[in-house]
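Here's the letter readout for the chains.
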Amino acid sequence: MTIPLPTREAGLRQLALFLPHAGADYQARRNTDFGPDQRDNVSQLSGYLRHRLIDEVEVLRAVTAAHGPRCETFVREVLWRAYFKGYLEQRQQIWARYRRERDAWLERLTSDAALASRYNEAINGRTKIEAFDAFAQEIASRGYLHNHARMWLASIWVFTLGLPWELGADWTFRQFLDGDAASNTLSWRWVAGLHTRGKAYLATRSNIEMHTDGRYSASSLAGFAAIPEEPELGPAQRLDGAEGWPKQPYGLLLGEDDLGVEAFVSKSEPVCVAVVDAPIARSELPMGEVARGFAQGALDDAAQRAETLFGLRVSRIGLTGEALVAWAQAAGVRAIAMPYVPQGPSRDRIEVLRKDLQRAGIALAMQRRRYDERLWPLATKGYFAFRQGVGEIDRVIEGG
Ligand SMILES: Cc1cc2nc3c(=O)[nH]c(=O)nc-3n(C[C@H](O)[C@H](O)[C@H](O)COP(=O)(O)OP(=O)(O)OC[C@H]3O[C@@H](n4cnc5c(N)ncnc54)[C@H](O)[C@@H]3O)c2cc1C
C-alpha cells in the first residue's frame, strides 16, 4: 500500500480497482489484515470519503450496480459512517466532553512524567506488545490501519496499557489520513464500552494471530475489560434545520469536510468561490505528516476542480472571521454558503468566527446533502436499528 493520492481522480480509480472485490470477496476476507501491501480485501476509500473527494452515494451506486444484494456487507460498512455522523450531530455533548477531557489529559502529560512515559512508549511503538508496536509504526508511516487492527490497537490501549481513551483518540485522529471526528471518537468509545454502555471490545491473542494471517502475536493482553467511568450524557438533541441556498448573491466556501464540488455545481450559483487554504488543526498537538499532506492535497485538488467547474477564479483563504469578512466584502456579497460542516475542528472554528460575520452583517448558511438529511436523523440508537431504518439501499441511492 502506497500512500493514496489526495485527488478525486485517484479516488475514482481506487473505487474502480476495488469494485470486483466489493461483493462476496469483501464479505469473506474483509476481517483479515494481510498487511499494508496486501489490501485488496478492503476498499481503502476512507480518506476520499472523509473529505468527500468522492461521496457515499457514488460508491454505493457503483457497488450495487456491480454486485446487487451480494454487496450488503460492504454497504453496511459504508453506512457506519453516516450512522456515526448522525449520532454525533444529535449528541454534540459527546464531542464537547471529549475535547474538554482530551485537553485536560494533554495538559497532564506535561506534568505527569509516568503518564507521559507510558504514552510515549505507546505512540512510538515501544510497548513490547508485538502487534501493537507494529500498528503504531504503521500509523506513523502510512496514516492508515485496517479496521480490525484499529480495534485491537484501541482495545490494547484502553484495557492492557490502561491509558485514557481520549489520548488514544487524539493520537489516531491526528494521524489517520481519514481522521474523522465522528468515526474516530465514537469508534474509540465503542471499543471502550461507552457507546453501547457496558459492551466493550476485548482484543485477544488468538484473534490477532488468526486475523493477521499469523503475522503478529500479542502476549499478556488484559483478560478483562475495565470500562472507564463517565457521567451520564444528557438527552439527544434534534438535528438543526438545513438552511437552503441564500436568496441573495453569495460566496461559496468549501472546507475539508466536504470537497465534493461536483455535487454543488448544478445547485449553486455563487458570485465567488473560495476553498480553505490549509487543514484545520485536530488538537493542540500537530497532525501526522501523512494526514496533513492528504488533507492539504484534497483542499488543493478541490480548488482546481472548482475553478474548472464554476469557471471562476477560486480564492484560498484561512478559516478565520477576518479572512471571510474581507473575502465577502471584496466580492460585494453579504452571504456565505457552505456544505454543512459537522461536529469537529472546522465546526468549532466556525462557531467562534460566526460573531465576526454577524458584526460585519454577513449571513452564513450551511447546506446538508440529501443523503445526510435522510440518514442522520435515523442514528438515534444502536447501529442495527439504524440499518433497519435505512431500508432498501436502492432508495437511498435514488434520493441522491
Ligand atoms: C479505533 C477506531 C478508529 C477509527 N477511526 C476512523 C476515522 O477516523 N475515520 C474513518 O473514516 N474511519 C475510522 N474507523 C473506522 C474504520 O476502521 C475505517 O473507516 C476503515 O478501516 C477504513 O478502511 P477502508 O476504507 O478500507 O474500509 P472498508 O472496509 O473498505 O469500508 C468502506 C468505507 O466504509 C466506511 N467504514 C467502514 N467501517 C467503518 C466504521 N467502523 N466506522 C465508520 N465508517 C466505516 C469508511 O468510510 C470506509 O472507507 C475507526 C475504527 C476504529 C476501530
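Here the residue numbers are simple positions, counted from 1 along each chain's written sequence. A pLDDT threshold of at least 70 governs which residues receive local features in this predicted model, and a stricter bar of 80 or more applies before side-chain atom pairs are shown or counted, although totals over entire chains, interfaces and linings include all residues. The side-chain values count all of the structure's non-hydrogen atoms but skip hydrogen atoms and water molecules.

(A) How the structure looks around the overall build of the protein chain. For the protein chain, the count of helices and strands is 19 helices and five strands. Here the globule rule reads 2.2 Å times residues to the power 0.38, and the radius of gyration is calculated from C-alpha atoms. The globule rule puts the C-alpha radius of gyration for 400 residues at 21 Å, and the 21 Å found for the protein chain is close to it. Projected onto the principal axes, the alpha-carbon positions of the protein chain cover approximately 65 × 55 × 40 Å. Partly exposed describes any residue whose relative accessible area lies between the buried limit of under 20% and the exposed limit of over 50%, with all areas from a 1.4 Å probe on protein chains only and scaled to the type maximum. In the protein chain, which comprises 400 residues, the proportion classed as buried is 57%. For this analysis, residues touch if any pair of their heavy atoms sits within 4.5 Å. Put simply, of all contacts in the protein chain between residues at least 6 apart along the chain, 74% involve residues at least 24 apart. Note on areas: Shrake-Rupley, 1.4 Å probe, and residue coverage restricted to the protein chains presented here. On the protein chain, roughly 17,200 Å² of surface is accessible, and the fraction owed to carbon and sulfur atoms is 51%. Across the protein chain, the centroid of the 50 positively charged side chains sits 3 Å from that of the 50 negatively charged ones. A run of DSSP states H or I qualifies as a helix once it reaches four residues; a run of E qualifies as a strand once it reaches two. Both are numbered from the N-terminal end. Asp and Glu are treated as the negative residues and Lys and Arg as the positive ones, with His and the ends of the chain left uncounted. Taken as the charge location is NZ of Lys, CZ of Arg, CG of Asp or CD of Glu.

(B) View of the pattern of salt bridges. Note on definitions: salt bridges are taken to be side-chain nitrogens of Lys or Arg within 4 Å of carboxyl oxygens of Asp or Glu. Applying the stated rule across the entire model yields 39 salt bridges. The residue Asp-258 makes a salt bridge to Arg-369 at a minimum N-O spacing of 2.7 Å. Within this pair, whereas Asp-258 is found in the loop between strand E1 (251-254) and helix H13 (261-265), its partner Arg-369 is found in the loop between strand E5 (363-367) and helix H17 (370-375), the two being separated by 111 residues in sequence. On the basis of relative accessibility, which here comes to 12%, the residue Arg-369 falls in the buried class. Glu-262 is the salt-bridge partner of Arg-305, the closest N and O atoms lying 2.9 Å from each other. Of this pair, Arg-305 sits in helix H14 (residues 289-310) while Glu-262 sits in helix H13, placing them 43 residues apart in sequence. Through salt bridges with shared partners, a single network forms among Arg-52, Asp-55, Glu-56, Arg-81, Lys-85, Asp-180, Asp-258, Arg-369 and Asp-372.

(C) Focus on the pairing of E5. E5 sits mainly inside the fold: four of its five residues count as buried. Paired strands, in this sense, are two strands between which DSSP finds at least two bridges. Note that strand E4 (residues 335-339) and E5 share five bridges and pair parallel. For Pro-339, the partnering residue across the bridge sits in E5 and is Gln-367. Crossover connection from E4 via helix H16 (residues 345-359) to parallel E5: handedness right-handed. Seen with its strands pointing away from the viewer, a crossover is right-handed when the path leading from the first strand over the helix to the second is clockwise.

(D) Looking closely at the pairing of strand E3 (residues 314-317). In this structure, strand E2 (residues 272-276) lies alongside E3, joined through four bridges in parallel fashion. Each residue of the ladder has a partner; that of Val-273, found in E3, is Val-314. Read from E2 through H14 to E3, the crossover connection turns out right-handed.

(E) Region of the structure containing the packing of helix H4 (residues 56-67) against helix H5 (residues 72-89). Direction vectors running N to C along H4 and H5 enclose 175°, while the axes themselves pass 11 Å from each other. It follows that H4 is roughly antiparallel to H5 by the angle criterion. The residues of H5 that touch H4, namely those facing Glu-56, Val-59, Leu-60, Val-63 and Thr-64, are Phe-74, Val-75, Val-78 and Arg-81. Of the residues that constitute the contact of H4 with H5, the class distribution is six nonpolar, one polar and two charged. All axes are obtained by fitting lines to C-alpha atoms, using only the stretch in contact for helices, and the reported angles, taken between N-to-C directions, cover 0 to 180 degrees. Under this scheme an angle from 65 to 115 degrees is roughly perpendicular, one under 35 degrees roughly parallel, and one over 145 degrees roughly antiparallel; angles in between are oblique. Each residue receives one of three labels: charged for Asp, Glu, Lys and Arg, nonpolar for Ala, Val, Leu, Ile, Met, Phe, Trp, Tyr, Cys and Pro, and polar for the others, Gly being one of them.

(F) Summary view of the packing of aromatic side chains. Side-chain rings of Phe, Tyr and Trp (the six-membered ring for Trp) are treated as a pair once their centres are within 6.5 Å; stacked means planes under 30 degrees apart, edge-to-face means over 60, and tilted covers the remaining angles. Taken as a whole, this structure holds 25 aromatic pairs when the rule is applied. Both rings, one in Phe-135 and one in Trp-152, keep their centres 5.9 Å apart while their planes meet at 20°; by these two values the pair is stacked. In this pair, Phe-135 sits in helix H8 (residues 130-142) while Trp-152 sits in helix H9 (residues 147-160), placing the two residues 17 residues apart along the sequence. For Phe-135, a relative accessible area of 0% puts it in the buried group. Residue class for Trp-152 comes out buried when judged on its relative accessible area of 0%. Measuring from ring centre to ring centre gives 5.7 Å for Phe-135 and Tyr-216, while their planes differ by 80°; the resulting arrangement is edge-to-face. Of this pair, Phe-135 sits in helix H8 while Tyr-216 sits in the loop between helix H12 (205-211) and E1, placing them 81 residues apart in sequence. Relative accessible area serves as the criterion here: at 18%, Tyr-216 is assigned to the buried category. Taken together, the ring pairs in this structure connect Trp-80, Tyr-83, Phe-84, Tyr-87, Tyr-383 and Phe-386 into an aromatic cluster.

(G) Broad picture of the site of the ligand. Near the ligand there are 27 residues, and of these Tyr-26, Ser-43, Gln-44, Asn-147 and Asp-178 occur at the shortest range. Whenever a nitrogen or oxygen atom comes within 3.5 Å of another N or O atom, the pair is scored as a polar contact, on the condition that within protein one atom can donate a hydrogen and the other can accept it, and that pairs from neighbouring residues in sequence are kept only if both atoms are in side chains. Here an oxygen atom of the ligand sits 3.4 Å away from a polar atom, N or O, in the side chain of Arg-150. Within the backbone of Asp-178, an N or O atom sits 2.8 Å from a nitrogen atom of the ligand. Alone, the ligand offers 820 Å² of accessible surface; in the complex the protein occludes 96% of this. Of all the secondary structure elements, the ones that give two or more residues to the shell around the ligand are helix H3 (46-51), H5, H9 and helix H11 (181-192). Nearness is defined per residue: one heavy atom within 4 Å of the molecule or strand is enough.

(H) A look at the sheet that holds E4. Taken in spatial order, the five strands of this open sheet run E3-E2-E1-E4-E5, and their pairing is parallel. Each edge of the open sheet carries a strand with a single partner, namely E3 and E5. Going from strand to strand, the sheet's axes swing by 30° on average, the running direction of each strand aside. The pairing of E1 with E2 spans four bridges and is classified as parallel. Residue pairing across strands places Gly-251 opposite Cys-272, the latter belonging to E2. Sheet strands in contact with H14 are E1, E2 and E3, and its direction is about 155° off that of E3.

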